[in-house]
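# Coordinate inspection notes
Spelled out, the chains give:
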Amino acid sequence: MMKLRDYLVSSPCVAVCKLDAMEICTGCGRHIREIRDWPELTREQKLDVLTRARERIFSGSMGQS
């Protein structure tokens, strides 16, 4: 039987909240809309956000237009 913690997706916030010119947080890699909407997103949507945030961080594309 799965437990509640297996369904929860923790926020990637690392308490380094600073938005770049593209409104991407330089701490967690999420767009301001993704941060705002986080509490309302489904588990699957949160996992998608985490994937995009990681891609932004690792690609070095944050702040570029």
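Read on for a plain summary of the structure. (Residues numbered from 1 in each chain as written. Predicted model: local features only at pLDDT ≥ 70, side-chain atom pairs only at ≥ 80, totals over all residues. Heavy atoms only, no water.)

### Things to note about the overall build of the protein chain
Heads up, the rule is: Where helices and strands are cited, they refer to DSSP runs of H or I of at least four residues and of E of at least two residues respectively, numbered from the N terminus. Note on classification: 1.4 Å probe, protein chains only; a residue is buried when its accessible area is under 20% of the maximum for its type, exposed when over 50%, partly exposed between these limits. To measure how exposed things are, a 1.4 Å probe is used in the Shrake-Rupley method; for residues, cover is taken only from the protein chains shown.
Of regular secondary structure, the protein chain possesses three helices and zero strands. Mapped from its N terminus to its C terminus, the protein chain presents α and β elements in the order α-α-α. Expressed as a percentage of its 65 residues, the buried residues of the protein chain come to 25%. Of the roughly 4,900 Å² of accessible surface on the protein chain, a fraction of 55% belongs to carbon and sulfur atoms.

### Here's the deal with the packing of aromatic side chains
Note the following rule: Within 6.5 Å between ring centres, the rings of Phe, Tyr and Trp (the latter by its six-membered ring) count as paired, and their orientation is classed by plane angle as stacked under 30 degrees, edge-to-face over 60, tilted in between. Sitting over a ring, as applied to charges here, requires NZ of Lys or CZ of Arg to be within 6 Å of the ring centre and within 35 degrees of the ring normal.
Tallied over the full model, the rule gives zero aromatic pairs. For Arg30, the ring lying beneath its charged end belongs to Trp38, and the centroid distance is 5.2 Å.

### Details of the pattern of salt bridges
Selection criterion: Any carboxyl oxygen of Asp or Glu that lies within 4 Å of a side-chain nitrogen of Lys or Arg is treated as forming a salt bridge with it.
Tallying each qualifying case throughout the model produces three salt bridges. Here Arg36 ties to Asp37 by a salt bridge, and the two come within 2.8 Å at their closest N and O atoms. Here the salt bridges do not stand alone but share partners, grouping Glu34, Arg52 and Arg56 into one network.

### Considering helix α3 (residues 43–59)
Note the following rule: A helix's residues, less one, multiplied by 1.5 Å, set its expected span.
In a regular helix each residue adds 1.5 Å, so 17 residues correspond to 24 Å; α3 covers 24 Å between its end C-alpha atoms and thus fits that length. Taken from the residues just after α3, Gly60 is the one with a positive phi, measuring 70°.

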